[in-house]
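# Observations on the model geometry
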Amino acid sequence: PLLELNKISKRFGGVQALDGVSFEVEPGEVFTIIGPNGAGKTTIFNLISRIYEPTGGRLKFQGTDITNVAPHTIAGRGIARTFQNIELFEHATVLDNLLIGRHCRSRPNIFSELLFTSGVRQEELRHRTAVEEIIDFLDLANYREQRISGLPYGVRKVVELARALCAEPKLLLLDEPSSGLNVEETDDMAWWIQDIQ
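## Some details on the overall build of the protein
Within the protein, the regular secondary structure consists of 7 helices and 6 strands. Its C-alpha atoms give the protein a radius of gyration of 18 Å, within 12% of the compact-globule value 16 Å for 197 residues. In terms of principal-axis extent, the alpha carbons of the protein reach across some 50 × 45 × 30 Å. The buried share of the protein, taken over its 197 residues, is 39%. Residue pairs at least 24 apart in sequence account for 62% of intrachain contacts in the protein once pairs closer than 6 positions are excluded. Surface exposure of the protein reaches about 11,000 Å², of which carbon and sulfur atoms provide 52%.

Right, here's the structure in full:
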């Protein structure tokens, strides 16, 4: 399996949010977690992306135990996510937000950066090319230079998906990707999820 949750539990003080949750996700599979508000769906995502520490159980990604790895290493391992409440840099452009999504694919070297060597220029070009492919794929070309703060909600949801895709994930966690979207935007999101698969 690509992802394994084995008897994962999470307690917040006296509240047992998750109790012995187990499941597996295979490569290429679209796996959906369905439940009412407060059922623990976002908590599962926060555990997988290491924002929360589990109270019990184990997490494995590509056969490696990630139960205790640092949260800042998760994107580099191949796990990207979107959030239930959109988490973008409001005063940056769409392009800047997507380039930030590439940070886990960068290999910075302070001296090379200061000298702006040919290697740095080539890496920048690679990142720009990857971002432009995502912009084309999700029809964001008209918004490339616009600030997030001036965009409609539906476009922001797509930009957040785009930023996650820029990290070239092997596992893409989408937390309520169609919440707040109209029917047409929801259909587009469903199509993109199928195409991403």
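## Section: the layout of surface pockets
Taken as a whole, the largest pocket spans an internal volume of roughly 820 Å³. Along the wall of the largest pocket there are 30 residues; nearest its centre are Val30, Phe31, Leu172, Leu173 and Leu174. For the lining of the largest pocket, the elements supplying multiple residues, two or more each, are β2 (15–25), α1 (41–48), β6 (171–173) and α7 (183–196). For the lining of the largest pocket, a count of residues per class yields 19 nonpolar, 4 polar and 7 charged. As a volume, the second largest pocket reaches approximately 430 Å³. Lining the second largest pocket are 20 residues, with Ala75, Ala80, Arg81, Phe83 and His103 sitting closest to its centre. Elements represented by at least two residues in the lining of the second largest pocket include exactly α2 (74–77), β5 (79–81) and α6 (153–166). Class assignment of the residues belonging to the lining of the second largest pocket gives a composition of 12 nonpolar, 4 polar and 4 charged.

## A few points about unusual backbone geometry
One non-glycine residue, lysine 7, lies in the positive phi region at around 55°. Following the sequence through the fold, lysine 7 ends up in strand β1 (residues 3–12). With a relative accessible area of 58%, lysine 7 lands in the exposed category. For glutamate 176, which is not a glycine, the phi torsion comes out positive at approximately 50°. Positionally, glutamate 176 belongs in the loop between β6 and α7. Residue class for glutamate 176 comes out partly exposed when judged on its relative accessible area of 27%.

## Quick word on the side chain of asparagine 46
Structurally, the position occupied by asparagine 46 is in helix α1. Discounting chain neighbours no more than four positions away, the residues touching asparagine 46 are Ile51, Tyr52 and Arg81.

## Brief notes about the sheet that holds β1
Taken in spatial order, the 4 strands make up an open sheet running β2-β1-β3-β4, and their pairing is antiparallel. Of all the strands in the sheet, just β2 and β4 (64–65) have a single pairing partner and so form its edges. Where β1 meets strand β3 (residues 56–61), 5 bridges bridge the pair, whose relative direction is antiparallel. Among the inter-strand pairings, asparagine 6 is bridged to a residue of β3, identified as arginine 58.

## Observations regarding the environment of alanine 17
As for its placement among the helices and strands, alanine 17 is situated in strand β2. It is 20 Å that separates the C-alpha atoms of alanine 17 and leucine 3, two residues lying 14 residues apart in sequence. Those residues in contact with alanine 17 that lie beyond four places of it in its chain are Lys10, Arg11, Phe12, Ala39 and Thr43.

Conventions used here
- Residues numbered from 1 in each chain as written.
- Predicted model: local features only at pLDDT ≥ 70, side-chain atom pairs only at ≥ 80, totals over all residues.
- Heavy atoms only, no water.
- Helix = DSSP H or I, 4+ residues; strand = E, 2+ residues; numbered from the N terminus.
- Rg over C-alpha atoms; globule rule 2.2 N^0.38 Å.
- Buried < 20%, exposed > 50% of the residue type's maximum accessible area, 1.4 Å probe, protein only.
- Contact = heavy atoms within 4.5 Å.
- Areas by Shrake-Rupley, 256 points an atom, 1.4 Å probe, with all protein chains shown as cover.
- 1 Å grid on protein atoms, 1.4 Å probe; cavity = no way out; pocket = protein on both sides within 12 Å on 5 of 7 lines; lining within 4 Å.
- Points joined across faces, edges and corners; volume = space filled by probe spheres on them.
- Nonpolar A, V, L, I, M, F, W, Y, C, P; charged D, E, K, R; others polar.
- Pairing = 2+ DSSP bridges.

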